[in-house]
Amino acid sequence: MKKLIFISLLVSSVGFAQESLEQNTLTLPKLSYLDSLKNTFINHSTSNCIDERWMAELTNTELSEDMFSDISNLNIDSEVSYDLSLEVLKKRLAKMDAKSPFNIEYNPALENTIKSFLKNRTKAFERLMAVSEYYFPMFEEHLAKYNIPMELKYLAIVESALNPKAKSRVGASGLWQFMYPTGKQYNLEVNSYVDERHDPLKATEAACQYLSHLYEIFGDWSLVLASYNAGPGNVSKAIRRSGGSQNYWNIRKFLPRETANYVPAFLATMYIYEFKKEHGILPKKATLTYFETDTIMVKKQMSFKHISELLDIPVEQIEFLNPIYKLKVIPFEEDKAHYLRLPKNKMGLFVSNEEKVYAYLNHLETFKEKSYTDVVVASHKDSISTSSEENRPKFERKLQYHTIKSGESLGKIADKYNVSISNLKSWNNIKGTTIHSGKKLKIYSNKKTVIKSEAKSNNDGTYTVKNGDSLFSISKQFPGVSIDDLKKWNDISSDNIQPGMKLKING
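Points about the overall build of the protein chain
Link 1 in the chain: Across its full length, the protein chain carries 23 helices and eight strands.
Link 2 in the chain: Looking at the 507 residues of the protein chain, the share that counts as buried comes to 51%.
Link 3 in the chain: In the protein chain, once contacts between residues fewer than 6 apart in sequence are set aside, the share between residues at least 24 apart is 74%.

Next up, the structure:
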């Protein structure tokens, strides 16, 4: 849809999860490798990450693709067969109109759109209602700030089906579908590292500013919606062609086809949310809300991979919470703040150990390959030591195959092998998310082996838990072993393990 794109994340001030700052003083140990550092972390926990199924729903592209298709292709002037009394519908629309600044009146095209959605998309709306629990509180806060009708939160459903990664065929992106020029006009930065159209907070702020500007032009919220989709120029032309009418339904036939469907789709969405109980629609429940996450300003460039290793949180979760970063890297600039968003418990872990996090990132700098000039200069220094070279991690690329079991998802398999879903799809030429049991998947992994420090199991096929170990860190030491496997094989129901425990690591 020809539109503005909005997405990604919040740039709240650095007032983050201060309740998690308790008991956050520890002596910084002699730093060498990741595990020795994490052994000293305060509040080291692997719980309360985003549930895998909820993550899959929040990042699902199916809903946005279906919505794009409906807006573009649905013939809402064609009668739809669905059992909904005309008298009841008119009464409900009048009830909505009485409490809304929108001009909501009965129209056959609106009736057909409502019936089509009820007939074909009730399951999709049940899912959308769960995702909206995540985003709507944040939308409402910004709409109230700009004195914009709360009903405009439904606009993001019509625009993107609440998918912050949604992209239209013409290049609009994000929750609010900003085109590049409009995004730049409202201060949404797009560069090699960052696309702020994908930042939910920044894009919502920009969308509110744009909607306010459109209302100053047209003074009618239905015309604002039409101009949000088609641009104010096309709406002005339609008004002139209609003889000067200011009623959306009178100018609709002079608008582009997509815009002619757009306002009815918005009003139908509002209707379904308002009367979901009457139609037997049972919303799914969100397992995490936007305000159960928090942000912190980064003081050094860091990758999602390093954050994942330090905090024991899957890269896919970091990617979802920080969709603004195109390369899975948070840049650092002296004159511009960049923020990391995490679940609150992980934010507490980050904040309580912030100095150690940056010490580890500084340590990683020593493993970067040096330029020829750097090597020549370094060779003249007497302090050169070979000890770090002897202990440098070596990498080898390993290929293995996984046979898909009944009930497995790409997310579950990716988690098991500690790889990303996008890589799984790329390695196996998978276009969507559907996989079939019995099929084999290629799995590549960069297996890191530290000389003289390789994790080994006991002779009896068990692993003895050491100080600072977590199920996540243990599973990473044994390729093909997941957290769920460890729990199942050892009859563990929670993530709590104690030093000295022996865990089966081969079933």
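Comments concerning helix α23 (residues 483-490)
Link 1 in the chain: Within α23 the residues assigned to the buried category are Ile483, Asp485, Leu486 and Asn490. Down the axis of α23, the buried side of the element spans an arc of 160°, and every buried residue falls inside it.
Link 2 in the chain: Of the surrounding secondary structure, the elements contacted by the buried residues of α23 are α20 (410-417), α22 (471-477) and β8 (502-504).
Link 3 in the chain: Aspartate 491 lies just past α23 and shows a positive phi near 55°.

What to know about the packing of aromatic side chains
Link 1 in the chain: Under the counting rule described, the total for this entry stands at 20 aromatic pairs.
Link 2 in the chain: Residues phenylalanine 136 and phenylalanine 139 carry aromatic rings whose centres are separated by 6.0 Å and whose planes lie at 45° to one another, so their mutual orientation is tilted. One end of the pair is phenylalanine 136 and the other is phenylalanine 139, both in helix α6 (residues 122-145) and three residues apart, which spans about a single turn.
Link 3 in the chain: Judged by centre distance (6.3 Å) and plane angle (90°), the rings of phenylalanine 350 and tyrosine 358 are edge-to-face.
Link 4 in the chain: Relative accessible area serves as the criterion here: at 11%, tyrosine 358 is assigned to the buried category.
Link 5 in the chain: A network of ring pairs unites the aromatic residues Phe117, Phe125, Tyr134, Tyr135, Phe136, Phe139, Tyr154, Trp176, Tyr273 and Phe320 as a single cluster.

A look at the side chain of glutamate 151
Link 1 in the chain: Relative to the elements of secondary structure, glutamate 151 occurs in the loop between α6 and α7 (155-160).
Link 2 in the chain: Not counting residues within four places of it along the chain, the set of residues in contact with glutamate 151 comprises Lys99, Ser100, Pro101, Phe102, Phe266 and Met270.

Remarks on the side chain of serine 303
Link 1 in the chain: Note that serine 303 resides in strand β2 (residues 302-303).
Link 2 in the chain: Here serine 303 falls in the buried class, since its relative accessible area comes to 16%.
Link 3 in the chain: Those residues in contact with serine 303, other than ones at most four positions away along the chain, are Lys328 and Val329.

Description of the packing of α6 against helix α9 (residues 200-218)
Link 1 in the chain: The geometry of α6 relative to α9 is characterised by a closest axis approach of 10 Å and an angle of 35° between their N-to-C directions. Like other packed secondary-structure pairs, α6 and α9 cross with a definite hand, here right-handed. Between α6, through Tyr135, Met138, Phe139, His142, Leu143 and Lys145, and α9, the contact on the second element is made entirely by Pro200, Leu201, Thr204, Glu205 and Cys208.
Link 2 in the chain: In the contact of α6 with α9, the residues fall into seven nonpolar, two polar and two charged.

With respect to the nonpolar core
Link 1 in the chain: One finds Leu152, Trp176, Phe266 and Tyr271 to be the most contacted residues of the largest nonpolar core, which totals 77 residues.
Link 2 in the chain: Per-element tally for this core: the top contributor is α6, with 11 residues.
Link 3 in the chain: With residues up to four places along the chain from it excluded, the contact list for tyrosine 271 reads Leu84, Leu89, Arg92, Leu93, Met96, Ile114, Leu118 and His279.
Link 4 in the chain: Listed in part, the 25 residues of the second largest apolar core include Ile296, Leu310, Ile313 and Met347.

Quick notes on helix α11 (residues 232-241)
Link 1 in the chain: Every buried residue of α11 is listed here: Val235, Ala238 and Ile239. All buried residues of α11 fall inside an arc of 100° around its axis, so they share one side. In this structure, α11 carries Arg240 and Arg241 as exposed residues pointing more than 90 degrees from its buried face.
Link 2 in the chain: Packing partners of the buried residues in α11 comprise α9, α10 (221-230) and α12 (248-251).
Link 3 in the chain: Residue glycine 243 follows α11 closely and has a positive phi angle near 90°.

Some remarks on the pattern of salt bridges
Link 1 in the chain: Scanning the model with the defined rule gives 15 salt bridges in all.
Link 2 in the chain: Between glutamate 196 and lysine 336 there is a salt bridge; the shortest N-O distance is 3.5 Å. Residue glutamate 196 is located in the loop between α8 (180-185) and α9, and its partner lysine 336 is located in the loop between β3 (329-330) and β4 (339-343); the two are separated by 140 residues in the primary sequence.
Link 3 in the chain: Residue lysine 336 is classed as partly exposed on the basis of its relative accessible area, which comes to 25%.
Link 4 in the chain: Put simply, lysine 328 and glutamate 319 hold a salt bridge, and the shortest N to O gap is 3.6 Å.
Link 5 in the chain: With relative accessibility at 26%, the residue lysine 328 sits in the partly exposed group.

Focus on the environment of threonine 434
Link 1 in the chain: Of note, threonine 434 is situated in the loop between α21 (421-427) and β6 (440-449).
Link 2 in the chain: Put simply, threonine 434 and serine 409 are 25 residues apart on the chain and 8.1 Å apart in space, counted from C-alpha to C-alpha.

Focus on unusual backbone geometry
Link 1 in the chain: One non-glycine residue, asparagine 147, lies in the positive phi region at around 55°.
Link 2 in the chain: Along the chain, asparagine 147 turns up in the loop between α6 and α7.
Link 3 in the chain: One non-glycine residue with positive phi stands out, namely lysine 328, at about 60°.
Link 4 in the chain: Residue position: lysine 328 is located in the loop between α15 (315-321) and β3.

Observations regarding the environment of glycine 183
Link 1 in the chain: Among the structural elements, glycine 183 can be located in helix α8.
Link 2 in the chain: By relative accessible area, glycine 183 is classed as buried at 1%.
Link 3 in the chain: Residues glycine 183 and alanine 203, spaced 20 residues apart in sequence, show a C-alpha to C-alpha distance of 8.2 Å.

Details of the confidence of the model for the protein chain
Link 1 in the chain: The predicted model of the protein chain has a mean per-residue pLDDT of 79, with 77% of residues at 70 or higher.
Link 2 in the chain: Below a pLDDT of 50 lies the segment residues 1-32, which in the model reaches 147 contacts outside its immediate sequence neighbourhood of four places, other chains included.
Link 3 in the chain: In the predicted structure, residues 371-396 sits below a pLDDT of 50 and forms 25 contacts with residues beyond four places in sequence or in another chain.

A short note on the packing of helix α4 (residues 86-98) against helix α13 (residues 257-274)
Link 1 in the chain: Axis separation between α4 and α13 bottoms out at 11 Å; the angle between their running directions is 95°. The angle between the axes of α4 and α13 places the two elements in the roughly perpendicular class. The segment α4 lies against α13, with Leu89, Arg92, Leu93 and Met96 engaging Leu267, Met270, Tyr271 and Glu274.
Link 2 in the chain: Of the residues contributing to the contact of α4 with α13, the split by class is six nonpolar, no polar and two charged.

Conventions used here
- Starting afresh in each chain, residues are numbered from 1 along the sequence in its written order.
- Note on the predicted model: pLDDT of at least 70 is required for a residue's local features to be given, and 80 or more for side-chain atom pairs to be given and counted; whole-chain, interface and lining totals, by contrast, use all residues.
- Side-chain descriptors were evaluated using all non-hydrogen atoms of the structure, hydrogens and water having been removed beforehand.
- A run of H or I in DSSP counts as a helix once it spans at least four residues, and a run of E counts as a strand once it spans at least two, with each numbered from the N terminus.
- Buried, partly exposed and exposed residues are distinguished by accessible area as a fraction of the type maximum, computed with a 1.4 Å probe on protein chains only: under 20%, between the cut-offs, and over 50%, respectively.
- Note on contacts: a residue pair qualifies if any of its non-hydrogen atoms lie within 4.5 Å across the two residues.
- Picture the helix axis, draw a direction to every C-beta atom, and the arc is the one those directions span.
- In this analysis, rings of Phe, Tyr and Trp, with Trp reduced to its six-membered ring, are considered paired at centre separations within 6.5 Å, and the interplanar angle assigns stacked below 30 degrees, edge-to-face beyond 60, and tilted for intermediate values.
- The angle between two axes is taken between their N-to-C directions and runs from 0 to 180 degrees, where each axis is a line fitted to C-alpha atoms and a helix contributes only its stretch in contact.
- Left-handed is the label given to a crossing in which the near helix is rotated counterclockwise from the far helix by less than a right angle, and right-handed is the label when the rotation is clockwise.
- Gly is put with the polar residues, along with every residue not named as nonpolar or charged; the nonpolar set is Ala, Val, Leu, Ile, Met, Phe, Trp, Tyr, Cys and Pro, and the charged set is Asp, Glu, Lys and Arg.
- By nonpolar core is meant a set of buried Ala, Val, Leu, Ile, Met, Phe, Trp, Tyr and Cys residues that side-chain atoms within 4.5 Å join together.
- Any carboxyl oxygen of Asp or Glu that lies within 4 Å of a side-chain nitrogen of Lys or Arg is treated as forming a salt bridge with it.
- What pLDDT expresses is the predictor's confidence in each residue, scored from 0 to 100.
- Roughly parallel means an angle under 35 degrees; roughly antiparallel, over 145; roughly perpendicular, 65 to 115; everything else is oblique.

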